[in-house]
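Secondary and tertiary structure notes
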Amino acid sequence: MTYSAGSYDVAVIGAGHAGIEAALAAARLGCHTAIFTINMDAVGNCPCNPSIGGTAKGHLVRELDALGGEMGKTADECFLQSRMLNRGKGPAVHSATS
């Protein structure tokens, strides 16, 4: 058997946070983009959304948001919890997570 999938400029493997951002960026640049995943039920499944907003990932999400990314919007839509991190340390390292 022969399968013809056409031709694509960009192929993205995985449809989690990074895959969705990569495919969206490529598509917005006008590239013919394909995204692959093993499980169609897991497309856009972002299990670490409760951790978005900490000192490391919060910074990354703000950068993605400034570039037009979707991660911050997705986190806002499925907001589950909010808590303060590093409360045992000084206020300079406190950070909120959503």
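Residues numbered from 1 in each chain as written. Predicted model: local features only at pLDDT ≥ 70, side-chain atom pairs only at ≥ 80, totals over all residues. Heavy atoms only, no water.

Looking only at helices and strands, the chain has three helices and four strands in total. Counted from the first residue to the last, the chain has its helices and strands arranged as β-α-β-α-α-β-β. Relative to its 98 residues, the chain shows a buried fraction of 21%. Across the chain, every contact between residues at least 6 apart in sequence was considered, and the portion connecting residues at least 24 apart equals 48%. For the chain, the exposed surface amounts to about 7,000 Å²; the carbon and sulfur share of it is 58%. (Helix = DSSP H or I, 4+ residues; strand = E, 2+ residues; numbered from the N terminus. Buried < 20%, exposed > 50% of the residue type's maximum accessible area, 1.4 Å probe, protein only. Contact = heavy atoms within 4.5 Å. Areas by Shrake-Rupley, 256 points an atom, 1.4 Å probe, with all protein chains shown as cover.)

Before going further, it helps to spend a moment on the environment of Val-43. Checked against the element boundaries, Val-43 lands in the loop between strand S2 (33–36) and helix H2 (57–66). Remark: the alpha-carbon pair of Val-43 and Gly-19, spanning 24 residues in sequence, is separated by 9.5 Å. Residue contacts for Val-43: discarding those within four places in its chain leaves Ala-15 and Thr-37.

Bringing the pattern of salt bridges into the picture now. Summed over all chains, the structure comprises one salt bridge. A salt bridge links Arg-28 to Glu-70; the shortest N-O distance between them is 3.3 Å. Within this pair, whereas Arg-28 is found in helix H1 (residues 17–28), its partner Glu-70 is found in the loop between H2 and helix H3 (71–77), the two being separated by 42 residues in sequence. Judged by relative accessible area, which is 24%, Glu-70 ranks as partly exposed. (Salt bridge = Lys/Arg side-chain N within 4 Å of Asp/Glu carboxyl O.)

The subject of this paragraph is the confidence of the model for the chain. For the chain, per-residue confidence averages 79 on the pLDDT scale, and residues scoring 70 or more make up 72% of the total. Strand S4 (residues 95–97) is the least confidently modelled element of the chain, averaging 63 in pLDDT, while strand S1 (residues 10–13) averages 96, the highest of any element. (pLDDT = per-residue confidence, 0-100.)

Sheet topology note: the S1/S2 ladder contains four bridges and is parallel. Bridge pairing in S2 links Ala-11 to Ala-34. In the classification by handedness, the crossover that spans S1, the intervening H1 and the parallel S2 is right-handed. (Pairing = 2+ DSSP bridges. Right-handed = clockwise from strand over helix to strand, strands pointing away.)

Below, the discussion takes up H1. Over its twelve residues, H1 extends 17 Å from the first C-alpha to the last, a length consistent with the 16 Å expected when each residue adds 1.5 Å. The complete set of buried residues in H1 reads His-17, Gly-19, Glu-21, Ala-23 and Ala-26. (Expected span 1.5 Å × (residues − 1).)

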